[in-house]
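# Structural description and commentary
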Amino acid sequence: MARIEIKQSGKLQLTSYSGLALVGQCCQIAQVDAVIDPRIPVSQGMRTSDLVKSMVGLLSLGKSDFEAIEPFRQDRFFKQALGLSKIPGSVWMRQRLDSKAGLIRDTASELAVRLLERAQAPITPYRGYVCCDIDTFAMDNSGTRKEAVSRTYQGFDGYTPIAAYLGNEGWSIGLELRPGSQHSARETEYLYERVFPRTERVVPADQAVLLRE
């Protein structure tokens, strides 16, 4: 039987979420700091970009609660990977994001398109057309009392977001949360108003686009 030697490293920092390094690079390419901080400045305290990137990091790990940030406040890799100057506490994060939700939401949509542009992401056509797919899907939030949770077409309580994906790669250029009971076709024109200009920015002018619903 082979002898297995086990050693403890005093220098290496092992982590189960090394993929955050790629998330941090995406934030850097999109220039999150340069876009967000001038639009949502603060007179003192933590920069808005640090709050946004911290929340993006949590969402990337499948954590949507503000309290989930607490274990990462002393995590050196989390801070370095996302390029944070500070890591916020859960109470501060909740208060700031709640108060600036509208501005951050609009800016986040701009950053998503900016990332595709600056990274020169491939947008592959299908049979001569770049496809823009728009559809709804159901999110199960059964047993919760969250705002706007209601019966979905799948037969459970939750939300029915609407999303837009571009190209064979399925780049997300639109994703909006909606009440579970809202009909899929209702107020879709408002999504078009936001998605069409984004599509024009990232798809060459001589490339035909096929809208599929």
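Here is what the cut-offs are and how they apply
Residues numbered from 1 in each chain as written. Predicted model: local features only at pLDDT ≥ 70, side-chain atom pairs only at ≥ 80, totals over all residues. Heavy atoms only, no water. Helix = DSSP H or I, 4+ residues; strand = E, 2+ residues; numbered from the N terminus. Expected span 1.5 Å × (residues − 1). Buried < 20%, exposed > 50% of the residue type's maximum accessible area, 1.4 Å probe, protein only. Contact = heavy atoms within 4.5 Å. Phe/Tyr/Trp six-rings, centres within 6.5 Å; stacked < 30°, edge-to-face > 60°. Pairing = 2+ DSSP bridges.

## Focus on helix α3 (residues 48–60)
For α3, with 13 residues, the first-to-last C-alpha span of 18 Å sits near the 18 Å given by 1.5 Å per residue. In terms of burial, α3 is largely enclosed, as 10 of its 13 residues are buried. In the core, the buried residues of α3 are packed alongside α1 (20–30), α2 (32–39), α4 (76–82), α5 (90–99) and α6 (101–118). Remark: glycine 62 follows α3 within two positions and exhibits a positive phi of approximately 80°.

## Considerations on unusual backbone geometry
Of note in this structure, glutamine 31 is not a glycine but carries a positive phi near 60°. Note that glutamine 31 resides in the loop between α1 and α2. For glutamine 31, a relative accessible area of 26% gives the class partly exposed. In this model, glutamate 187 sits at a positive phi of 60°, which is unusual for a non-glycine residue. On the accessibility criterion, glutamate 187 (38% relative accessible area) is partly exposed.

## What to know about the packing of aromatic side chains
To describe a pair of aromatic rings, you give the distance between the ring centres and the angle between the ring planes. This model, assessed by the stated rule, comprises 4 aromatic pairs. Measuring from centroid to centroid gives 5.5 Å for tyrosine 17 and phenylalanine 72, while their planes differ by 75°, and the two rings are edge-to-face. Of this pair, tyrosine 17 sits in the segment before α1 while phenylalanine 72 is found in the loop between α3 and α4, placing the two residues 55 residues apart along the sequence. Residue classification places phenylalanine 72 among the buried residues on the basis of a relative accessible area of 7%. Pairwise contacts between aromatic rings join Tyr17, Phe72, Phe77 and Phe78 into one cluster.

## Regarding the sheet that holds strand β3 (residues 150–151)
If you trace the 3 strands from one edge of the open sheet to the other, you get β2-β4-β3, paired in antiparallel fashion. Of all strands in the sheet, those bounded by a partner on one side alone are β2 (139–140) and β3. Here β2 pairs with strand β4 (residues 157–159) via 2 bridges, running antiparallel. Its bridge partner lying in β4, aspartate 140 is registered against glycine 158.

## A few points about the pairing of strand β5 (residues 162–166)
Judged by how many residues are buried, β5 sits mostly within the fold: 4 of 5 residues are covered. Bridge analysis of strand β1 (residues 130–136) against β5 gives 5 bridges, and the strand direction is antiparallel. Residue pairing across strands places isoleucine 134 opposite alanine 164, the latter belonging to β5. Bridge analysis of β5 against strand β6 (residues 171–176) gives 5 bridges, and the strand direction is antiparallel. Of the residues in β6, the one forming a bridge with alanine 163 is leucine 175. Adjacent in sequence and paired antiparallel, β5 and β6 are bridged by 4 residues, among which glycine 167 carries a positive phi angle near 75°.

On their own, these measurements won't tell you what the molecule is for.
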